[in-house]
Amino acid sequence: MATRVQHALEQLKTTGVRITPQRHAILNYLMESMGHPTADEIYRALEPQFPSMSVATVYNNLKMFLEAGMVRELTYGDNSSRFDANVTDHYHVICDQCGKIEDFSYPSLKSVELQAESSTGFEVHGHRLEVYGVCKSCRDQ
């Protein structure tokens, strides 16, 4: 994991971005977290380490990471974006009860994108597959 964070930091440095301790911590948290955190969750997790850091700092850094292609923003109808540092092609399973999101692998659905383009004339930029159910923790309660 440290290698992934270091690679991301080097990528930022080459574009002239200054690596602040807060920026490093936010990026590290995102890359270590498999829970697809919200900006507020990131802020609350890092606040003890950086008491003077604001929520705006977290949002601004997330925006920069998005623009650099280092994270994906997952939006749902509830206005709370979640952030995913795994930018490889993968899919998500989401718990209907607690909202937990987990990654799972499945062969790429690129053929679906091509069929959508062919059928509609759209220029397809991507897709997102989500499967819904109840996670083990919620079932065991």
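Residues numbered from 1 in each chain as written. Predicted model: local features only at pLDDT ≥ 70, side-chain atom pairs only at ≥ 80, totals over all residues. Heavy atoms only, no water.

**Q** Give me the layout of surface pockets: which residues, what numbers.
**A** There is about 310 Å³ of room inside the largest pocket. Secondary structure elements with two or more residues in the lining of the largest pocket: strand 1 (72-74), strand 3 (91-95) and helix 5 (110-120). (1 Å grid on protein atoms, 1.4 Å probe; cavity = no way out; pocket = protein on both sides within 12 Å on 5 of 7 lines; lining within 4 Å. Points joined across faces, edges and corners; volume = space filled by probe spheres on them. Helix = DSSP H or I, 4+ residues; strand = E, 2+ residues; numbered from the N terminus.)

**Q** Could you give me a rundown of the pairing of strand 4 (residues 101-104), with the residues and numbers involved?
**A** Pairing between strand 3 and strand 4: four bridges, direction antiparallel. Bridge pairing in strand 4 places His92 opposite Asp103. Hairpin connection from strand 3 to strand 4: five residues lie between these consecutive antiparallel strands, with Gly99 at a positive phi of about 85 degrees. (Pairing = 2+ DSSP bridges.)

**Q** Tell me what's going on with the sheet that holds strand 4, and back it up with residues and numbers.
**A** Within the open sheet, the three strands sit side by side as 4-3-5. Their pairing is mixed. The open sheet has two edge strands, strand 4 and strand 5 (130-133), and neither has a second partner. Going across the sheet, the axis of each strand differs from the next one's by a mean of 25 degrees, ignoring polarity. Bridging between strand 3 and strand 5 involves four bridges; their strand directions are parallel. Its bridge partner lying in strand 5, His92 is registered against Glu130. (Axes fitted to C-alpha atoms, helices over the stretch in contact; angles between N-to-C directions.)

**Q** Give a detailed account of the packing of helix 2 (residues 21-32) against helix 4 (residues 55-67), specifying residues and quantitative values.
**A** Interhelical geometry of helix 2 versus helix 4 gives an angle of 65 degrees and a closest axis separation of 10 Å. Looking at the two axes, helix 2 sits roughly perpendicular to helix 4. When you trace helix 2 past helix 4, the crossing you get is right-handed. In this structure, helix 2 uses Arg23, Ile26, Leu27 and Leu30 to contact helix 4, whose residues at the interface are Thr57, Val58, Asn61, Leu62, Met64 and Phe65. (Parallel < 35°, antiparallel > 145°, perpendicular 65-115°, else oblique. Left-handed = near helix turned anticlockwise from the far one by under 90°. Contact = heavy atoms within 4.5 Å.)

**Q** Describe helix 3 (residues 39-46), with residues and values.
**A** Burial in helix 3 covers these residues: Ala39, Ile42, Tyr43 and Leu46. Buried residues of helix 3, viewed axially, fall in a sector of 100 degrees; they line one side. Contacts from the buried residues of helix 3 go to helix 2, helix 4 and strand 2 (82-84). (Buried < 20%, exposed > 50% of the residue type's maximum accessible area, 1.4 Å probe, protein only. Arc of directions from axis to C-beta.)

**Q** Could you give me a rundown of the packing of aromatic side chains, with the residues and numbers involved?
**A** Per the counting criterion, the structure on display carries one aromatic pair. The interplanar angle of 45 degrees and the centroid separation of 6.2 Å between the aromatic rings of Tyr91 and Phe104 together place this pair among those described as tilted. On the criterion of sequence distance, the pair formed by Tyr91 in strand 3 and Phe104 in strand 4 is long-range, its members being 13 residues apart. (Phe/Tyr/Trp six-rings, centres within 6.5 Å; stacked < 30°, edge-to-face > 60°.)

**Q** Let's hear about the pattern of salt bridges: which residues, and what values?
**A** The tally for this structure, following the rule as stated, stands at eight salt bridges. In this structure, Glu10 engages Lys13 in a salt bridge whose closest nitrogen and oxygen atoms are separated by 3.6 Å. With Glu10 and Lys13 both in helix 1 (residues 2-14), this residue pair falls three residues apart, about one helical turn. Across the pair Glu41 and Arg82 runs a salt bridge whose closest N-O atoms are separated by 3.5 Å. Here Glu41 is found in helix 3, whereas its partner Arg82 is found in strand 2, with 41 residues between them in sequence. When its relative accessible area of 28% is taken as the criterion, Glu41 is described as partly exposed. With relative accessibility at 17%, the residue Arg82 sits in the buried group. (Salt bridge = Lys/Arg side-chain N within 4 Å of Asp/Glu carboxyl O.)

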